[in-house]
Amino acid sequence: MTIQQVEDDIGLAGAMTVEDLESARQRGYQALICNRRPAEAPEHDEQALAEKAQELGLAWSCIPVATGEYSAADVAAFHQALESLPRPLLIFCRSGRRSIHLWALARIRHDGEQPETVLERMRALGHDPHTLRPLLEPAGDSPEPD
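Residues numbered from 1 in each chain as written. Predicted model: local features only at pLDDT ≥ 70, side-chain atom pairs only at ≥ 80, totals over all residues. Heavy atoms only, no water.

1. Quick look at the packing of helix α1 (residues 18-26) against helix α2 (residues 46-56)
α2 packs onto α1 with a crossing angle of 30° between their chain directions and a minimal axis gap of 9 Å. Classified by the angle between their axes, α1 and α2 sit roughly parallel to one another. When the axes of α1 and α2 are compared, the crossing they make is right-handed. Judged by residue contacts, V18, L21, E22 and R25 of α1 engage A48, L49, K52, A53 and L56 from α2. (Axes fitted to C-alpha atoms, helices over the stretch in contact; angles between N-to-C directions. Helix = DSSP H or I, 4+ residues; strand = E, 2+ residues; numbered from the N terminus. Parallel < 35°, antiparallel > 145°, perpendicular 65-115°, else oblique. Left-handed = near helix turned anticlockwise from the far one by under 90°. Contact = heavy atoms within 4.5 Å.)

Rendered as structure tokens:
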């Protein structure tokens, strides 16, 4: 399992197995946020992962999303999980893309971080920030016609 450090106490991973949760616990992680959708792949068993997390004493949150389809409620739920779960925490989805997108949107929309700073952090981790840029435009914030 490869983990990238998004922040000092936030790691990012791709698809995880029950065995990977044991490894995450051994590495000191206290909580996980899963961004995979139920049954999105045959090998993904969210219930088994949640049960194993509980068995290992890891806090668990699941905020399932499709790539590029992040509602304001999804981003708010992700931000709430970031703020409330014990640290260090590990965020994951199949490739890490949805999780890094939700992290970036939460930091920009809820924490007021500058978009360019967040996008540069994504770039430094090897994630294409251009895929996120269109999502940074506030929905419905176009000026009213005079």
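On we go from here.
2. Things to note about the nonpolar core
What tends to happen in soluble globular proteins is that the nonpolar side chains get buried as a cluster. The biggest cluster of nonpolar side chains holds 28 residues, and the ones touching the most others in it are I33, F78, L82, L89, I91 and W103. Elements with a minimum of two residues in this core: β2 (10-13), β3 (31-34), α3 (72-84), β5 (89-92), α4 (97-109) and α5 (115-124). Top element by residues in this core is α4. It accounts for seven residues. Once residues within four sequence positions are removed from consideration, F78 is found in contact with I33, N35, I63, I91, S99, L102, W103 and A106. (Core = buried A, V, L, I, M, F, W, Y, C linked by side-chain atoms within 4.5 Å. Buried < 20%, exposed > 50% of the residue type's maximum accessible area, 1.4 Å probe, protein only.)

3. Considerations on the pattern of salt bridges
One pass over the structure, following the stated rule, counts nine salt bridges. Ionic pairing is found between K52 and E22, a salt bridge with its closest N-O pair at 2.8 Å. With K52 in helix α2 and E22 in helix α1, the pair connects residues that are 30 residues apart, well separated along the chain. By relative accessible area, which is 13% here, K52 ends up buried. Here R107 ties to D111 by a salt bridge, and the two come within 2.5 Å at their closest N and O atoms. (Salt bridge = Lys/Arg side-chain N within 4 Å of Asp/Glu carboxyl O.)

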